[in-house]
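Observations on the three-dimensional arrangement
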Amino acid sequence: REEGIPADFVYKLNEGRPNIVDLIKNKEISFIINTVESARAQKDSFYIRESALKYRVPYTTTISGARAVARALKGLKEKELTILSIQEYHGKGAG
């Protein structure tokens, strides 16, 4: 939220409904930050991760990973992404 990205908290599997897997299946989730603290949360994280992969939702398990994604998204707003070969990065051309 601090980076200007809309975000809401969502129920995990054992917290009620609609839960995160319901929302993933309904295509209401665009990015998942799933930090795990308890043994139950670890079990639930398997189903969350499985749904994220099945429905092609980007997923991270750490706050540092989420920060990296937020910085990358902010950077994309400020500058267009360019792709260079390793040779181009080292000034040796493409051939």
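Quick note: structure is the one above.
Let us look at the structure shown here. Quick caveat, the model's predicted, so the values are computed rather than measured. (Residues numbered from 1 in each chain as written. Predicted model: local features only at pLDDT ≥ 70, side-chain atom pairs only at ≥ 80, totals over all residues. Heavy atoms only, no water.)

Focus: a nonpolar patch on the surface
Basically, it comes down to this: Patches here are clusters of residues that have more than 30% relative accessible area and form no salt bridge, with a 9 Å joining cutoff for like charges and a 5 Å cutoff for nonpolar side chains (Val, Leu, Ile, Met, Phe, Trp, Tyr). Surface accessibility follows the Shrake-Rupley procedure with a 1.4 Å probe radius. Residue values consider only the protein chains on display as shielding. Any Lys or Arg side-chain nitrogen located within 4 Å of an Asp or Glu carboxyl oxygen qualifies as a salt bridge. The secondary structure listing takes helices from DSSP runs of H or I that are at least 4 residues long and strands from runs of E that are at least 2 residues long, numbered from the N terminus. Categorising residues by exposure relies on relative accessible area from a 1.4 Å probe, with only protein chains included: less than 20% of the type maximum marks a residue as buried, more than 50% marks it as exposed, and the intermediate range marks it as partly exposed.
Residues Ile5, Leu73, Leu76, Leu81 and Ile83 make up a contiguous nonpolar surface patch of roughly 510 Å² in combined accessible area. With respect to the element layout, leucine 81 can be found in the loop between α3 (63–78) and α4 (86–89). By relative accessible area, which is 59% here, leucine 81 ends up exposed.

Quick word on the layout of surface pockets
To find leftover empty space, one rolls a probe the size of a water molecule over the atoms. The criterion, for reference: Points on a 1 Å grid, built from protein atoms alone, make a cavity when a 1.4 Å probe fits but cannot get out and make a pocket when they are open with protein on both sides within 12 Å along at least 5 of 7 lines; residues with an atom within 4 Å of a point are the lining residues. Grid points are joined across faces, edges and corners, and a volume is the space filled by probe spheres set on the points. Three residue categories are used. Nonpolar comprises Ala, Val, Leu, Ile, Met, Phe, Trp, Tyr, Cys and Pro, charged comprises Asp, Glu, Lys and Arg, and polar comprises the others, including Gly.
Put simply, the largest pocket is a space of about 1,300 Å³. As for the largest pocket, its lining consists of 29 residues, and the residues nearest its centre are Ala7, Asp8, Phe31, Ile32 and Ile33. Within the residue set of the lining of the largest pocket, elements represented by two or more residues are β1 (32–33) and α3. Ranked by residue count, the leading element in the lining of the largest pocket is α3, at 7 residues. Class assignment for the residues of the lining of the largest pocket results in 18 nonpolar, 3 polar and 8 charged.

Geometry only, nothing functional implied.
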